[in-house]
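# Residue-level structure breakdown
Given next are the chains, with one letter for each unit.
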Amino acid sequence: MNTPHQSVLYKEIIHALQPRNGGRYVDGTLGAGGHARGIMEACAPDGQLLGLDVDPQALAIARKTLAPYEHRIHLVQASYTSLSDQLAQLGWDGVDGVVLDLGASSMQFDTTERGFSFMQDAPLDMRFGPHVLQTAADLVNKLSERELADLIYQYGEERDSRKIARAIVKARPFHTTHELVAVVEGVSPRRGDRLHPATRTFQALRIAVNNELGSIEQVLPQAVAGLGSGGRLAVISFHSLEDRLVKDFFREQGRDLVNPPYERIYEVERKATLKEVTRKPIVPSDDEIRNNPRARSAKLRIAEKL
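Attention in this report is confined to the structure presented alongside it.

Conventions we followed
Residues numbered from 1 in each chain as written. Predicted model: local features only at pLDDT ≥ 70, side-chain atom pairs only at ≥ 80, totals over all residues. Heavy atoms only, no water. Axes fitted to C-alpha atoms, helices over the stretch in contact; angles between N-to-C directions. Helix = DSSP H or I, 4+ residues; strand = E, 2+ residues; numbered from the N terminus. Parallel < 35°, antiparallel > 145°, perpendicular 65-115°, else oblique. Left-handed = near helix turned anticlockwise from the far one by under 90°. Contact = heavy atoms within 4.5 Å. Nonpolar A, V, L, I, M, F, W, Y, C, P; charged D, E, K, R; others polar. Buried < 20%, exposed > 50% of the residue type's maximum accessible area, 1.4 Å probe, protein only. Arc of directions from axis to C-beta. Pairing = 2+ DSSP bridges.

A few words now on the packing of helix α9 (residues 177-187) against helix α10 (residues 199-210). The interhelical angle for the contact between α9 and α10, taken along N-to-C directions, is 130°, at an axis separation of 10 Å. As the angle between them shows, α9 and α10 are arranged oblique. For the element pair α9 and α10, the recorded crossing hand is right-handed. On α10, the residues that touch Thr177, Leu180, Val181 and Val184 of α9 are Thr201, Phe202 and Leu205. Considering only residue class, the contact of α9 with α10 consists of 5 nonpolar, 2 polar and no charged.

Structure follows, in structure tokens:
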């Protein structure tokens, strides 16, 4: 998001979901309500929306953003991993569209005290919401050197992960973001690329603190199960680990699952549940990237329930 109220790939999301009057939609990553507002405008006068977010700060802003539609929306402070339960509580069977805007929002990065950004000094926190028990400080201060190295390599795809982990263990305890940034910069200087040396380490810690990849693996099957025939699932990812999970899931659900042949007879165990609307991800326009630098790494994949 460029501002708390401007959402990445906004027009593309609305076009993908094709909201209509009387439809039911889910925004599993409500944020400040930008995508949700567009959906509500497009599905007027009787369309409804379920909005989920674990972040109470985001939810408070979204309530104001979406106040004109309050009689048609259901906002819940909850993780999208509880999607099936939330739909059951509403008695919604077969929604028309689900949108997931993965990762942290610009609002979270811009709130200094949350500790998401290495550009501002703040407590080393990085939690999406109060339900998350461990902070980034807990990880860097308690994990072993090997565990830290593996985490930074796996979730940050950082080639200097072992050097960074070794330096972290030697310098701890850590309390603030700038303490950690200084140590990372000391062993992994900028190599001329655009990325700050701490970018991948901070990404890795954030993913681990919030179990982001595990949450994606949990929500995708629930989203498909909640869609009615012809309903669409639109997912925006911001790094290769997220995008790979979404791409692989869409491809897997887009094929019949067939048993090995026996006497030339194939037995279909599971019919395909999805059709990919876009074989290649949709990326932001140059204009959007200029206006919203966070959008530069965004990829949108869309699938339709068969």
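More follows now that the structure is in view.
Looking at the element boundaries, Val183 is found in helix α9. Separated by 13 residues in the primary sequence, Val183 and Lys170 have C-alpha atoms spaced 9.6 Å apart.

Our next topic: α9. The set of residues buried in α9 consists of Thr177, Leu180, Val181, Val183 and Val184. Looking straight down α9, one finds its buried side chains confined to an arc of 165°; they lie on one side. Where α9 is buried, its residues touch α6 (136-142), α8 (161-171) and α10.

Most of strand β5 (residues 227-237) sits inside the fold, with 9 of its 11 residues counted as buried. Inspection of the sheet shows strand β4 (residues 95-101) paired to β5 by 6 bridges, in the parallel sense. Opposite Gly97, over in β5, you have Arg232 as the bridge partner. By the bridge criterion, 6 bridges tie β5 to strand β9 (residues 299-305) in an arrangement that is antiparallel. Within β9, the residue paired with Ser237 across the bridge is Lys299.

Right, let's talk about the pairing of β4 for a bit. The element β4 is extensively covered by neighbouring structure, given that 6 of its 7 residues are classed as buried. Where strand β1 (residues 24-27) meets β4, 3 bridges bridge the pair, whose relative direction is parallel. In the sheet register, Tyr25 faces β4, and the bridge partner there is Gly97.

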